[in-house]
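Here is what each chain is made of, one letter per residue.
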Amino acid sequence: KGEIQLPVYRSFYLDKLLKDIKEVDKNDEYKKTVRGLRKENIDEEIELPQNLNATLRYYQKTGFKWLKILDNYKFGGILADDMGLGKTIQIISIILDYVQNEEPSQKRPSIVISPSSLSLNWQSEANKFAPTLKTMVIKGTLKERKEKIEQIQD
């Protein structure tokens, strides 16, 4: 008996609740959103970024595409998988995609927060798989870290 509006992140849940109810009209935007979030409909049109020096495995491509879909809907997400399955390369791919698709005036730094024991590994992997990305590891004394943070826009 009316119309409701809801945050996009509630669409998938609402669709589950309304699954067997036929009296509800869903507008095209809602249907498109729900269809786009279904894992079997992960957009095959989503392409990996250019300048990525890696061949991703099928499940890594799926992870990349899933993260892109979450981003398209302004959702947050967590990439959690067993060690050694390529989370780092998936995130490097996402960052590279951002950099390649942002308007020059909109470019912003990205930050990867990791245990200090992995920070140089992250930088090494980024340099290896996405050499066009500029990277910086923020480490050292408080003064050294502050100086690096002040240079982050560069």
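Not measured: the values here are computed from a predicted model. (Residues numbered from 1 in each chain as written. Predicted model: local features only at pLDDT ≥ 70, side-chain atom pairs only at ≥ 80, totals over all residues. Heavy atoms only, no water.)

A.B. asks: What should I look at first to understand the overall build of the chain in this one?
C.D. replies: Assigned secondary structure in the chain consists of six helices and zero strands. Rg of the C-alpha trace for the chain: 20 Å, well past the compact-globule value of 15 Å for 154 residues, more than 25% over. Dimensions of the chain along its principal axes, counting C-alpha atoms only, are 65 × 35 × 30 Å. Per-residue burial over the chain gives 25% buried out of 154 residues. Excluding contacts between residues fewer than 6 apart, the proportion of contacts in the chain whose partners are at least 24 apart in sequence is 55%. (Helix = DSSP H or I, 4+ residues; strand = E, 2+ residues; numbered from the N terminus. Rg over C-alpha atoms; globule rule 2.2 N^0.38 Å. Buried < 20%, exposed > 50% of the residue type's maximum accessible area, 1.4 Å probe, protein only. Contact = heavy atoms within 4.5 Å.)

A.B. asks: Could you clarify how one ought to interpret the packing of helix H3 (residues 58-72) against helix H4 (residues 87-101) in this entry?
C.D. replies: Think of two packed helices as two axes; the pair is described by the angle between the axes and how far apart they sit. Packing of H3 against H4 brings their axes to within 9 Å, and their N-to-C directions diverge by 45°. Between H3 and H4, the angle falls in the class oblique. Relative to H4, the crossing made by H3 is right-handed. Across the interface between the two elements, Tyr59, Gln60, Gly63, Phe64, Leu67, Lys68 and Asp71 from H3 touch Ile89, Gln90, Ile91, Ser93, Ile94, Asp97 and Tyr98 from H4. The class makeup of the residues in the contact of H3 with H4 is seven nonpolar, four polar and three charged. (Axes fitted to C-alpha atoms, helices over the stretch in contact; angles between N-to-C directions. Parallel < 35°, antiparallel > 145°, perpendicular 65-115°, else oblique. Left-handed = near helix turned anticlockwise from the far one by under 90°. Nonpolar A, V, L, I, M, F, W, Y, C, P; charged D, E, K, R; others polar.)

A.B. asks: How should H4 be read in this particular structure?
C.D. replies: A turn of α-helix holds 3.6 residues, and therefore any two residues three or four places apart point the same way. If you check H4, its first and last C-alpha atoms are 21 Å apart, about what 15 residues at 1.5 Å a residue would give, namely 21 Å. Listing the buried residues of H4 in full gives Ile89, Gln90, Ile92, Ser93, Ile94, Ile95, Leu96 and Asp97. On the buried face of H4, the contacting elements are H3 and helix H5 (116-129). (Expected span 1.5 Å × (residues − 1).)

A.B. asks: How should the environment of Leu118 be read in this particular structure?
C.D. replies: For Leu118, the location among the structural elements is in helix H5. Along the primary structure Leu118 and Ile46 are separated by 72 residues, whereas in three dimensions their C-alpha atoms are 29 Å apart.

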